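Listed below, chain by chain, are the residues.
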Amino acid sequence: MLKLFNSLTNNLEVFEPLETNKVKMYVCGPTVYDHAHLGHARCYITWDVLYRYLKFAGYEVKYCRNVTDVDDKILKKASERGVDPSVVTEEFYASFDNSMKGLNCLKPDIEPFATKTIGEMIAITKTLIDKGFAYESDGDVYFEVKKYSKYGALSKQPIDDLMAGARVETDEKKRSPLDFALWKKDGKFGYNSPWGVGRPGWHIECSAMAKKFLGPQIDIHAGGADLTFPHHENEIAQSNCASDCEFVKYWLHNGFVTINKEKMSKSLGNFLTIDELLKTYDSNTIRFFILTNHYRMPVEFSEVALESAKAGVKRLINAGKKGEGVDEEATEAFKTSMDEDMNTSKALAVLFSLVSGDETKANTLYRLGSVLGFDFTKKEIVLSKEDLALIEERNLARAEKNWAKSDEIRDLFLERGIVLKDGKDGTTWEAL
RNA sequence: GGAGACAUGGCCAAGUGGUAAGGCAGGAGCCUGCAAAGCUCUUAUCCCCGGUUCAAAUCCGGGUGUCUCCUCCA
């Protein structure tokens, strides 16, 4: 019985999808104006694991993760470079896609682009105006927050407190500083709409894409904790008011990656990009590092932590080679752990329980490992005739106790990433 | 100012009432020409104070410290 922590109720809840055995899940995807960093990696690895686990648990899952390709930052970058915004978005979408592959994240079933969903955004905006939840103001359209009484339910912020703490600069076009844009006038990069040429606000993009590709009601909506307010709060307001139903059943949020105890973010400039990180650490290591912590807790980045993860992965990979076999008990323990709001830390401990002893239940290790997105199978090294001859030469040297020569040859292989191991039954080799 | 979260061994981390999972690092031993890999053994009373209870890391109250959100942000 899967339980998930619902940010809306602040409670651990039994997961019961709207439609038996089927799950509709939406994850806020990237705004493609720069390379993705480790913080993004954590987010997408976390929800990739949920996606994999739901499928493993027998659900039929429809996973939608959008690409925001119309946004202020994109336009800013495009004008700085003097190129069309599409040049920017294509470049960084490719980079993002590459990073996801590098992290061994499964491709979502649907990956919509905001620019291809403008019609739906306009339709929702129109509905909201017609129903009196939104108003037009000089080519802009704003959602009127005070019209939605439950506003603040997700972020647990009473509207009055939001007002008091609002650091938003007052805008003559808005009736209240809390009102947010559904549509912004933009003569330069805009699209035609009933309110003139303009482009959608960020929040409406996700509402529209979720509705178009998954429907007006979905089971899971996930994303980084920093999206809770205002992004998700606004999505709820828009979608609930436009569709007259509860947009999302379970709101899930992942914690941040920190560095020096501070949130890793673009604005602070304290980030490491995924492609940079992948030069030093493979996807197994990065995933292990992320998954040792519970997804709602912060994860502090450090070299030591990554090295520790790397060593753990190495042990699992080596263990996988001695033996095969299955362990139903461990599989049950794994499920129990994952059912507890995705306790990946416990799930990892289960993987190690398959290892202890001199024989590993490798089939189960690979199977459960793949639910966490690991690939513990090791590449076979195929040696050339020359290499085999060299090993033969080394064995002769060893027989003559010519250790200097023996070690020299071993180092030769090591430089190529091949480890030679001398066992009772002769010399074996494998990738470093 | 408002809202929320966290504090467990050298490092990371699970554990929400019944006497501290797991990983990394370290130590001892076996194996090895030496390594590598592997195997065996080995290291904690849970930030502080008070309370509830037969029993608390776990519940309650009060401290202290750290982080996050309230502005674009995964």
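Residues numbered from 1 in each chain as written. Chains lettered and ligands numbered in written order. Predicted model: local features only at pLDDT ≥ 70, side-chain atom pairs only at ≥ 80, totals over all residues. Heavy atoms only, no water.

(A) Broad picture of the protein's contact with RNA strand B. Every one of the 59 residues lining RNA strand B counts as a neighbour, but Q157, W202, G224, L227 and M264 are closest to it. For RNA strand B, the backbone makes up 63% of the atoms found within 4 Å of the protein, where backbone means sugar plus phosphate. Residue G39 places a main-chain N or O atom 3.0 Å away from a base nitrogen belonging to RNA strand B. The element that contributes the greatest number of residues to the surface near RNA strand B is helix α10 (residues 303-320), accounting for six residues. Per-class residue counts for the surface near RNA strand B are 20 nonpolar, 21 polar and 18 charged. (Near = heavy atom within 4 Å. Polar contact = N/O pair within 3.5 Å; in protein donor to acceptor, adjacent residues only side chain to side chain. Helix = DSSP H or I, 4+ residues; strand = E, 2+ residues; numbered from the N terminus. Nonpolar A, V, L, I, M, F, W, Y, C, P; charged D, E, K, R; others polar.)

(B) How the structure looks around the sheet that holds strand β8 (residues 198-200). With respect to topology, four strands assemble into an open sheet ordered β5-β6-β7-β8, the strand pairing being antiparallel. Each of the sheet's edge strands pairs with one partner strand only, and the pair in question is β5 (134-137) and β8. Averaged over all pairs of adjacent strands, the angle between strand axes in this sheet comes to 20°, irrespective of strand direction. Sheet topology places strand β7 (residues 180-185) next to β8; three bridges connect them, and they run antiparallel. Paired with K185 across the strands is G198, a residue of β8. Each of β5, β6 (140-143), β7 and β8 touches helix α4 (residues 118-130); the most contacted strand, β7, lies at about 120° to it. (Pairing = 2+ DSSP bridges. Axes fitted to C-alpha atoms, helices over the stretch in contact; angles between N-to-C directions. Contact = heavy atoms within 4.5 Å.)

(C) Here's a closer look at the packing of aromatic side chains. Evaluated as defined, the whole model comprises 19 aromatic pairs. Measuring from ring centre to ring centre gives 6.1 Å for Y53 and F56, while their planes differ by 35°; the resulting arrangement is tilted. Of this pair, Y53 and F56 both sit in helix α1 (residues 38-56), three residues apart, which is roughly one turn of the helix. For Y53, a relative accessible area of 2% translates into the label buried. Measuring from ring centre to ring centre gives 5.8 Å for W183 and W195, while their planes differ by 55°; the resulting arrangement is tilted. Note that W183 is positioned in strand β7 and W195 in the loop between β7 and β8, a separation of 12 residues in sequence. For W183, a relative accessible area of 0% gives the class buried. Sitting over the face of the ring of Y135, R175 holds its NZ or CZ atom 3.9 Å from the ring centroid. Over the aromatic face of F256 sits the side chain of K263, whose NZ or CZ is 4.5 Å from the ring centroid. (Phe/Tyr/Trp six-rings, centres within 6.5 Å; stacked < 30°, edge-to-face > 60°. Buried < 20%, exposed > 50% of the residue type's maximum accessible area, 1.4 Å probe, protein only. Lys NZ or Arg CZ within 6 Å of the ring centre and 35° of its normal.)

(D) Representation of empty space enclosed by the protein in the model. Summed over the entire model, instances satisfying the criterion amount to two cavities of 30 Å³ or more. In this model, the largest cavity occupies a volume close to 50 Å³. The wall of the largest cavity is formed by R42, T46, V49, I290, L291, N293, H294, Y295, M342 and T344. Secondary structure elements with two or more residues in the lining of the largest cavity: α1 and α9 (283-291). At three residues, the largest contribution of residues to the lining of the largest cavity is made by α1. Partitioned by chemical class, the residues of the lining of the largest cavity number five nonpolar, four polar and one charged. One number sums up the size of the second largest cavity: a volume of about 30 Å³. Around the second largest cavity, the lining residues are I124, S207, K211, G215, P216, S239, S243 and F247. Class assignment for the residues of the lining of the second largest cavity results in three nonpolar, four polar and one charged. (1 Å grid on protein atoms, 1.4 Å probe; cavity = no way out; pocket = protein on both sides within 12 Å on 5 of 7 lines; lining within 4 Å. Points joined across faces, edges and corners; volume = space filled by probe spheres on them.)

(E) Spatial organisation of the sheet that holds strand β12 (residues 262-263). The strand order across the open sheet formed by three strands is β12-β11-β13, and the pairing between neighbours is mixed. Two strands close off the open sheet at either side, each with one partner strand: β12 and β13 (299-300).

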